[in-house]
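Per-entry structural report
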Amino acid sequence: MHHMPTLLQIVNFFGLGYDPKGLAEVSGIMTVVALLIVIVVGLVIDLLEHVEMKILGRIFGRNFAVNFHNYITFPGLFMHETAHALMALVTGAKITEYHLFDRGGDSLGHVSYRNRGLWIFRAVQDCATACAPVLAGLVLGYFTLRAIFVLGYPLWADILLWYLFLSILTHASMSGADLKIYFKAVWVLAIPVFCVFFFHCSHAAGQPVLFFLQ
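Let us look at the structure shown here. (Residues numbered from 1 in each chain as written. Predicted model: local features only at pLDDT ≥ 70, side-chain atom pairs only at ≥ 80, totals over all residues. Heavy atoms only, no water.)

1. Points about the overall build of the chain
Note the threshold: Strands are runs of DSSP state E lasting at least two residues, helices are runs of H or I lasting at least four, and both sets are numbered from the N terminus onward. Three exposure classes are used, based on accessible area relative to the maximum for each residue type with a 1.4 Å probe and protein chains only: buried under 20%, partly exposed in between, and exposed over 50%. Two residues form a contact once any of their heavy atoms are found within 4.5 Å. The accessible surface values rely on the Shrake-Rupley method and a 1.4 Å probe; as for residues, cover is taken only from the protein chains in view.
Of the regular secondary structure elements, the chain holds 9 helices and 2 strands. Beginning at the N terminus, the succession of helices and strands in the chain can be written as α-α-α-α-β-β-α-α-α-α-α. For the chain, the proportion of its 214 residues judged to be buried stands at 36%. Once local pairs closer than 6 in sequence are excluded, the contacts in the chain between residues at least 24 apart make up 65%. For the chain, the accessible area works out to roughly 12500 Å², and carbon and sulfur atoms hold 73% of it.

2. Thoughts on a nonpolar patch on the surface
The line we're drawing: Two joining distances apply to patches: 9 Å for like charges and 5 Å for nonpolar side chains (Val, Leu, Ile, Met, Phe, Trp, Tyr), and every residue must have over 30% relative accessible area and no salt bridge. Salt bridge, as applied in this entry: a Lys or Arg side-chain nitrogen positioned within 4 Å of an Asp or Glu carboxyl oxygen.
On the surface, Phe149, Val150, Leu151, Tyr153, Trp162, Leu166 and Leu169 cluster together to form a nonpolar patch covering roughly 700 Å² of accessible area. Ranked by the residues each element gives to the nonpolar patch, the list is headed by helix α6 (residues 155–171), at 3 residues. The residue Val150 is located in the loop between α5 (119–149) and α6 in this model. According to the relative accessible area criterion, Val150 is exposed, its value standing at 54%.

3. Looking at the packing of aromatic side chains
Put simply, the rule is: The aromatic pairing rule takes the rings of Phe, Tyr and Trp, using the six-membered ring of Trp, and pairs them if the centres are within 6.5 Å, calling planes under 30 degrees apart stacked, those over 60 edge-to-face and the rest tilted.
One pass over the structure, following the stated rule, counts 7 aromatic pairs. Their ring planes at 85 degrees and their centres at 5.8 Å tell us that Trp162 and Phe165 sit as a pair that is edge-to-face. Here the residue Trp162 and the residue Phe165 both occupy positions in helix α6, the gap between them amounting to 3 residues, near one helical turn. Among the residues examined, Trp162 registers a relative accessible area of 33% and is labelled partly exposed. Among the residues examined, Phe165 registers a relative accessible area of 15% and is labelled buried. Judged by centre distance (6.0 Å) and plane angle (15 degrees), the ring pair of Phe194 and Phe198 falls under stacked. Of the two residues, Phe194 and Phe198 are both situated in helix α8 (residues 187–204); the distance of 4 residues between them amounts to about one turn of the helix. Residue Phe194 is classed as partly exposed on the basis of its relative accessible area, which comes to 25%.

4. Brief notes about the packing of α5 against α6
Each pair of packed helices gets described by two things: the angle between the helix axes and the distance between those axes. To keep it simple, the criterion reads: For helices, the fitted axis covers only the stretch in contact; all axes are lines through C-alpha atoms, and the angles between them, taken along N-to-C directions, range from 0 to 180 degrees. By the definition adopted for this analysis, an angle is roughly parallel if under 35 degrees, roughly antiparallel if over 145, roughly perpendicular if from 65 to 115, and oblique otherwise. Left-handed describes a crossing whose near helix is turned anticlockwise from the far helix through less than a right angle; right-handed describes the clockwise counterpart. Each residue receives one of three labels: charged for Asp, Glu, Lys and Arg, nonpolar for Ala, Val, Leu, Ile, Met, Phe, Trp, Tyr, Cys and Pro, and polar for the others, Gly being one of them.
For the pair α5 and α6, the least separation of the axes is 9 Å and the interaxial angle reads 160 degrees. The orientation of α5 relative to α6 falls into the category roughly antiparallel. Considering only the axes of α5 and α6, their crossing is left-handed. Every residue of α6 that contacts α5 at Pro133, Gly137, Leu140, Gly141, Thr144, Leu145, Ala147, Ile148 and Phe149 is listed here: Asp158, Leu161, Trp162, Phe165, Ile168 and His171. Here the residues of the contact of α5 with α6 sort into 10 nonpolar, 4 polar and 1 charged.

5. What about α6?
How we decide: To estimate the expected span of a helix, count its residues, drop one, and scale the result by 1.5 Å.
Here α6 contains 17 residues, and its C-alpha end-to-end distance of 25 Å stays within 8% of the 24 Å for a straight helix at 1.5 Å per residue. Restricting attention to buried positions, one finds in α6 the residues Ala157, Asp158, Leu161, Phe165, Ser167, Ile168, Thr170 and His171. For α6, the elements touching its buried residues are α2 (20–60), α3 (62–72), α4 (74–90) and α5.

Below, the structure is given as structure tokens:
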């Protein structure tokens, strides 16, 4: 499979060996990186949002900047709020509010939910819901770019796809509240993500997990 050589190169890069300890250390590093990437991407996009609002506000006025962010890039706003809502539902939380046209400050939409279940399920709900717009934005952005550069649509379709891509990118962010929730609950993903990396790194290195259990 294509991902195996890449993982093997990563294992070789760190040079920690193919034994359980070495592979576990590599898997731990990859786990930390994977969980931090979501934060970095979310923070960078959130920063770009604020820069965009500030520049537009200085040139055209604050009302134009707010309306541009909420209405002109509405597909991205829809993606952002819907990603929050769907992830909360999928992980077992109950949606209490879902608004796309309820202006509050500089934001046109918002989602509220109530946790349900055991404490570990509540942590999953918080962590997954907080980072859902970033994950959805990355996935949708990838497929949108792929449609532009690979599928060969006519010019008018490419223009529409670029508009969708920029709208999605603009709203694939994590707010301060999202980051606080994510940091509080991200530990719940650390073990399963580590296990996934350890399993695949072991196979990539030719040391199946069952080998270590013998």
